[in-house]
Structure formats: structure tokens, C-alpha cells
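# Descriptive analysis of the structure
Letter by letter, the chains look like this.
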Amino acid sequence: MGSTKALVTGITGQDGSYLAEFLLEKGYEVHGLVRRSSSFNTWRIDHVRERLVLHYGDLVDQNSLVRTLETVQPDEVYNLAAQSHVKVSFEMPEYTTDVTAIGVLRVLDAVRDLGLHTRVYQAGSSEMFGLVQETPQTEKTPFHPRSPYAVSKVFGHWTAVNYRESYGMHVSNGILFNHESPRRGENFVTRKITMGVAAIKQGRAKELRLGNLDAKRDWGFARDYVEVMWRMLQQDKPDDYVIATGETHSVREFCEEAFSHVGLDWKDFVKVDRKYFRPAEVDVLLGDSSKARKVLGWEPKVTFTELARLMVDADLEAEGRHPTRSR
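Residues numbered from 1 in each chain as written. Predicted model: local features only at pLDDT ≥ 70, side-chain atom pairs only at ≥ 80, totals over all residues. Heavy atoms only, no water.

### Structural notes on the confidence of the model for the protein
Detailed reading of predicted coordinates is not advised where the pLDDT is low. Chain-level pLDDT for the protein is 95 on average; 96% of the residues reach the 70-or-more range. The model gives residues 323-327 a pLDDT under 50, and that stretch makes 7 contacts with residues more than four places away or in other chains. (pLDDT = per-residue confidence, 0-100. Contact = heavy atoms within 4.5 Å.)

### Some details on unusual backbone geometry
Of the consecutive residues Thr 135 and Pro 136, the connecting peptide bond is found in the cis state with omega at -5°. For Pro 136, the location among the structural elements is in the loop between strand 5 (119-125) and helix 6 (148-167). Of note, the phi angle at Gln 73 is positive, near 50°, even though the residue is not glycine. One can find Gln 73 in the loop between helix 2 (62-72) and strand 4 (76-79). (Helix = DSSP H or I, 4+ residues; strand = E, 2+ residues; numbered from the N terminus.)

### Focus: the packing of helix 5 (residues 102-113) against helix 6
The geometry of helix 5 relative to helix 6 is characterised by a closest axis approach of 8 Å and an angle of 20° between their N-to-C directions. Accordingly, the angle class assigned to the pair helix 5 and helix 6 is roughly parallel. Handedness of the crossing formed by helix 5 with helix 6: right-handed. In this structure, helix 5 uses Ile 102, Val 104, Leu 105, Leu 108, Asp 109 and Arg 112 to contact helix 6, whose residues at the interface are Phe 155, Gly 156, Thr 159, Ala 160, Tyr 163 and Tyr 167. Counted by class, the contact of helix 5 with helix 6 contains 8 nonpolar, 2 polar and 2 charged residues. (Axes fitted to C-alpha atoms, helices over the stretch in contact; angles between N-to-C directions. Parallel < 35°, antiparallel > 145°, perpendicular 65-115°, else oblique. Left-handed = near helix turned anticlockwise from the far one by under 90°. Nonpolar A, V, L, I, M, F, W, Y, C, P; charged D, E, K, R; others polar.)

Structure, rendered in C-alpha cells:
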């Protein structure tokens, strides 16, 4: 009996990289699915690359999924791959749906076709609640998605439930609220703010242009959130869980925290630009994760203030370390 094997799709992303580290610490043999693209964007996992087994594959290519699953025969699959940017999903709705919705179906169908007894984690999103029907949002709150990305995530969620109920597969949905880190993509608002703060503090920029400052989100630290994905797959019974801090803060508050951390007043630098507004806004997301806290024994460790500060510190320090990375 060798070590437990996990296959992580989206391993080069924020969550994938933290999850890979977490599983390696647990003694797992970690395999990752990596898309072939013109630039090899692996900076988030470079420090553990030697300890991972990477496979070329893509959620839009069923054969690559079957081949990889057949080769690896994983005990656990974490499906984190997605076109995950909300604004981009309005510009590329068909591609977003192909990856983020149908991709889930392809993964689950490949596991079923091969007759594997693999436990599967499906990454859901608080964006599925969209135009919220109640606050806070729980596992029972109805979905009302407000973007092609969110609609795709709802499809993925119900597909997972269907495969669980129809075929007795061990599939769990994690409905994760916003979670950020120094590894967050550079076009997400929190990272845009902390990079902007670093650039302004170091005299490389004079202003920061943002969209809706009134949008409120339940923000946690990504490293805290990957542990709960693993906990879900250790349960005897698969289930769905909301993962959140239970606190909501506006984009404006995130700006305040980030700028004040380096002794600046955000009002002197932030300009609102209509270009960054979404066609359909999601105003307030606030999660109730009491089920996960009770059943999985999980709770977030990093506070909102700590999160904003650690991201600013990382971006101040990162200058010069990644000169080739696109700005």
C-alpha cells in the first residue's frame, strides 16, 4: 500500500498551489493537470515542482482526462480548474461554460466510466448565490447566479449532486466564499488593490482605478480554505458545505486596510472607473459556515485585517522577484 494519491486540476492556480503544499505535507503523492499554453505559468508551484507529477490535460478535452485518470488511478480528485474570472466570463461566455460547467461533467463521467472508487471534490462558489435570496447564505439558500461564470458553477454543483445521487459516487461540493492570498490572480480586485498599494508606495504609480467600491464580500485566506477541501473528502458520507468567515466587508474597506497599512490615505489615490463595473452586480455575499464548523471541525484562522496586510507585505516584497511576470 503506497501513499494516498491525489489529482488536482487547476494545480497552477491560487488554490491548487496551496492544496498541493498541504497534501504534500500530509504525505500524499500529488499529481496535477496542467494546460499546455504558450507561456508556462507555474510560478505558484515552482518551489514544490520537483515533488509533483504533472500531466498535460484540459477540462475541455475528455480524452486527456480519461488518460490521466487511468494513468494515475487517484484516491482523490480535487477539481479546481475553471475560467474563474467573473468579468472575463461575460466576454467569453461560451469558453467559460465549456471549462467551468461541462468540464465538471467530463471529470465526473471519466471517473465513472473508468469504474474508479475515487472521491471527488468539486469547487463551487459563493457567486452561485448572486442576487441573494437570503442573508447569510447557507447550503439551503436558493441559487440566483448573475454571470456566465456563476451559471457554470451552478451547473457543476448540480452535476456533482446528480452523480452522487445517481451513481453513489463520493462527490462533495465546497461552496467557497471569496478567498484571497498573495497568489491571487492579478486581475482580481483584492490583488489589484495590494499591487496598487505596493506600486504607489514605491513611487511607480500615482493612482489605482477600480470599479464598484460598494460591493461587499466575505473574504478569507486561501490557505485556510484548502484544508477544508481535504476534510470533506475524509468524511464517510459526501455532502455540500458553505465555507466562509461569516463577516462581510466592502471593497472600500479593503482599500482602507491596505493603504493605511503603509501609512497612506486611499482617498488620495483610488479613482472609480465605470469600465470595471459588471453588467449585473452581486452586491452582498455573506456565508454561514456553521455546518462545516460543526461537521468538519473547521474554522478560518486569518482575519480580514491580517489578510489585507499580509497581501500588501507580499506585494511590497515581490517587486523585482518576478520581473518577467505580466503586470
